[in-house]
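Here's the letter readout for the chains.
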Amino acid sequence: QVQLEESGGGLVQAGGSLRLSCATTRSIFSINGMGWYRQLPGNKRELVAGISTSDNTKYADSVKGRFTISRDNARNTVFLQMNSLKPEDTAVYYCNFFPVPWLVDWGQGTQVTVSS
C-alpha cells in the first residue's frame, strides 16, 4: 500500500514562510514525479507545484516566484518551500504524484493558514 506522509503546515502571518515535507518509500519515490496540490475552501484541488524525476518543475501562476518545490532522493522526500505567503494561500495542502495524481486516497493533507 502506497503511503505519503505530509508535514509542515501551520498558522503564519502574511509575508511569512512555511516548508512542507512529504515522504514515501524509496521504490515509489524514485520512479515518480511528485506534486503538491491544494484545496481552497469551496473549490476543487489544484496543482500548486510539481517536480519530475529529472527535476523539471511546474508551478501554478499564483505561486511562481514565491514557492519552490524540491526533492531529496536520499530521503525519499519532496519539499515545498513557501515564502511571502498570502491569505489567499490558505488551504489544505496535499502531496500526490505528478503529473498524474494517481494515488486515490489523498489523506488528510496539511492545513496552511495565513492570517492578514
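You'll find the structure just up there.
Residues numbered from 1 in each chain as written. Predicted model: local features only at pLDDT ≥ 70, side-chain atom pairs only at ≥ 80, totals over all residues. Heavy atoms only, no water.

1. Overview of the sheet that holds strand 1 (residues 5-7)
Under the convention used in this document: A strand pair is defined by DSSP finding two or more bridges across the two strands. Each helix is a run of DSSP H or I of at least 4 residues and each strand a run of E of at least 2, with the numbering of both proceeding from the N terminus. Geometry is summarised by axes, namely lines fitted to C-alpha atoms with helices restricted to the contacting stretch, and by angles between N-to-C directions that run from 0 to 180 degrees.
Overall, antiparallel pairing links the 4 strands, which are arranged 1-3-8-7 in an open sheet. The open sheet has two free edges, formed respectively by strand 1 and strand 7 (67-72), since each of these has just one partner strand. On average, each strand axis in the sheet is inclined to that of its neighbour by 15°, with strand direction left out of account. Of the strand pairs in this sheet, strand 7 and strand 8 (residues 77-82) are connected by 6 bridges, and their pairing is antiparallel. Of the residues in strand 8, the one forming a bridge with Phe-67 is Met-82.

2. Some words on the state of the cysteines
Definition in use: When two cysteine sulfur atoms lie within 2.5 Å, the pair is treated as a disulfide. Type-normalised accessible area, obtained with a 1.4 Å probe on protein chains alone, sets the label of each residue: buried when under 20%, exposed when over 50%, and partly exposed for intermediate values.
The tally for this structure, following the rule as stated, stands at 1 disulfide. Covalently, Cys-22 is tied to Cys-95 through a disulfide, its sulfur atoms 2.1 Å apart. Around the S-S axis, the bridge from Cys-22 to Cys-95 shows a dihedral of about -80° and counts as left-handed. A residue pair is termed long-range when its members are at least 10 positions apart, and Cys-22 in strand 3 (residues 18-23) and Cys-95 in strand 9 (residues 91-98) qualify at 73 residues. Note on accessibility: Cys-22 and Cys-95 belong to one class, buried.

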